[in-house]
Amino acid sequence: MNGNQSRLELLPNEILIETFEYLEVRDLFRAFNNINSRFNGLLQSLNELFLILSIRDRDETPDDVKTLPQIHTLIVKYKTDVILNHYSTIRRLILIGLPYARPYKLESVVLPHLEYLSVILKGSSSVFSISRLHEPIFSNSFPCLKFCSLPRISTIQKTERWTKLLSLRILKVGHIGLFTYIGILTACPNLNIFYFLEEKILQTSTVLTQFINHENLKRLVIKEKYIGPVTHVGILNEYLLCVPNLEYLSIHVTTYHMRNLQYLLEFDWLASIVLLHLPLLCQFHFHLPVFRTKRIDKLFDENTFNQLKERFKMMHNKRYQSKLFIDRKNFQHLQCYEYESTDSSSNDE
């Protein structure tokens, strides 16, 4: 033991500090606290430690209190009795498996230094009430928040409590409607990247009495977008009207409810809407899932997919980098077509 300790102490401080930051805070302090003055000094100098609290932890260890100012990241797994206000100095918070009933009383939590928030639901099919979570986010309980990712099964609706969140740069949320979309853009004027799922209730194109001209949004990803008959693309026109400086657009459509995809042979693949609203667009990605059924097998063959390819390519006509992803669900071999207007490529979300 003494020999191992001596060899460890031969390492320079820089390597020890980098190594320590890979260890969970409680394990770190149990192993190295009070060995000698040098190690004590190194431990006190650390400011990017992480703490993991899980359902196996019956209590929050009292010894952790002295290290709270040094905890940079807090990860909570399936644990219901965490008092988040005890960790007021954290900058990253990851919540996995939130409890359904009053999750951590988030409406009363204030984390003035929080920069990163991620809420992950694993293995849970229950309906999760997200309202207690998005209210403190958009009412400025986290004034330094830069990144926020909420569960995709959630549904958000704007309320009167919402205020400005100037710090937010990246936002990923679940299902939202048009007015919540506009409310988020209004509340987050410096938002740069935005992912959301379209509200499941069918929304038809409408004339907005007022809309926001959001100048800072550069990347927009819309998932579960309804694309119906040739002239029906829902409210995509209204979405794009608000973000004139967009440089990247990704549309993930849903075809669960469609009997066939024949209309896609006459579809303009959103080229006219993109041309009308997005003069600065550099990349456009379109994700089309095709589910194998007897009807689809009868109507579609390789020649049909090739026709879709040519149609997409013709519509966008090399005005920007464009890709069509045809994701063949339930087919023997998953195939994905990529049709580009340039030789360059980039990974999609």
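Not measured: the values here are computed from a predicted model. Every chain is numbered independently, its residues counted from 1 as its sequence is written. Local features in this predicted model are restricted to residues whose pLDDT is 70 or higher, and side-chain atom pairs enter the listing and the counts only when it is 80 or higher, whereas totals over whole chains, interfaces and linings include all residues. Values shown for side chains rest on all heavy atoms present in the structure; no hydrogens or waters enter the calculation.

Participant: In this structure, what is going on with the environment of His72? I would like to understand it.
Facilitator: Each helix is a run of DSSP H or I of at least 4 residues and each strand a run of E of at least 2, with the numbering of both proceeding from the N terminus. Tracing the backbone through its elements, the reader meets His72 in strand E2 (residues 71–77). In contact with His72, not counting residues within four places along its chain, are Asn47, Glu48, Leu49, Ile90, Arg91 and Arg92. N or O atoms closer than or at 3.5 Å make up a polar contact, with two conditions inside protein: a donor-capable atom paired with an acceptor-capable one, and, for residues adjacent in sequence, both atoms drawn from side chains. A polar side-chain atom of His72 sits 3.1 Å from a polar atom in the side chain of Thr73. Residues are treated as being in contact if the distance between any of their heavy atoms lies within 4.5 Å.

Participant: What is the right way to read the UniProt feature "transmembrane region" (unreviewed entry) in the protein from this model?
Facilitator: UniProt positions are given in the numbering used here, feature names are shortened, and annotations may be inferred rather than shown by experiment. The UniProt entry lists residues 176–197 and 269–288 under the feature "transmembrane region" (unreviewed entry), expressed in the numbering used here. Strand forms 27% of residues 176–197 and helix 45%; the C-alpha atoms that close the span are 6 Å apart. Each end of residues 269–288 is marked by a C-alpha atom, and these two atoms are 11 Å apart; helix forms 35% of the span and strand 30%.

Participant: Is there a simple way to explain the packing of helix H2 (residues 13–20) against helix H4 (residues 37–45) in this structure?
Facilitator: Each packed pair of helices is defined by two parameters, the angle between the axes and the distance between the axes. Structural elements are reduced to axes, namely lines fitted to C-alpha atoms, with helices fitted over the stretch in contact, and the angle between N-to-C directions of any two is expressed from 0 to 180 degrees. Between H2 and H4, whose axes approach to 10 Å, the crossing angle comes to 55°. With respect to their mutual orientation, H2 and H4 come out oblique. For H2 against H4, the interelement crossing comes out right-handed. Between H2 and H4, the residues in contact are Asn13, Leu16, Ile17 and Phe20 and Arg38, Phe39, Leu42, Leu43 and Ser45, respectively. Residues that form the contact of H2 with H4 fall into these classes: six nonpolar, two polar and one charged. Should an angle fall under 35 degrees it is taken as roughly parallel, and over 145 as roughly antiparallel, whereas 65 to 115 is taken as roughly perpendicular and any remaining angle as oblique. Handedness of a crossing follows from how the near helix is turned relative to the far one, being left-handed for an anticlockwise turn of less than a right angle and right-handed for a clockwise one. For this classification, the nonpolar set comprises Ala, Val, Leu, Ile, Met, Phe, Trp, Tyr, Cys and Pro, the charged set comprises Asp, Glu, Lys and Arg, and every other residue, Gly included, is treated as polar.

Participant: Help me out: how do you make sense of the packing of aromatic side chains in this one?
Facilitator: Any aromatic ring pair is given by two values, namely how distant the centres are and how the planes are angled relative to each other. Centres within 6.5 Å make a pair out of two Phe, Tyr or Trp rings, where for Trp the six-membered ring is used; the pair is then stacked when the planes are under 30 degrees apart, edge-to-face when over 60, and tilted otherwise. Taken as a whole and assessed by the stated rule, the structure comprises 13 aromatic pairs. When the ring of Phe194 is compared with that of Phe196, the centres are 5.3 Å apart and the planes differ by 40°; the resulting orientation is tilted. Remark: exposure states derive from per-residue accessible area (1.4 Å probe, protein chains only) relative to the maximum for the residue type, with buried under 20%, exposed over 50%, and partly exposed in between. By relative accessible area, Phe196 is classed as buried at 1%. Residues Trp269 and Phe286 carry aromatic rings whose centres are separated by 5.0 Å and whose planes lie at 85° to one another, so their mutual orientation is edge-to-face. One end of the pair, Trp269, is in the loop between strand E9 (248–254) and helix H8 (271–277); the other, Phe286, is in strand E10 (residues 283–291), and 17 residues separate them in sequence. Each of the two residues, Trp269 as well as Phe286, counts as buried.

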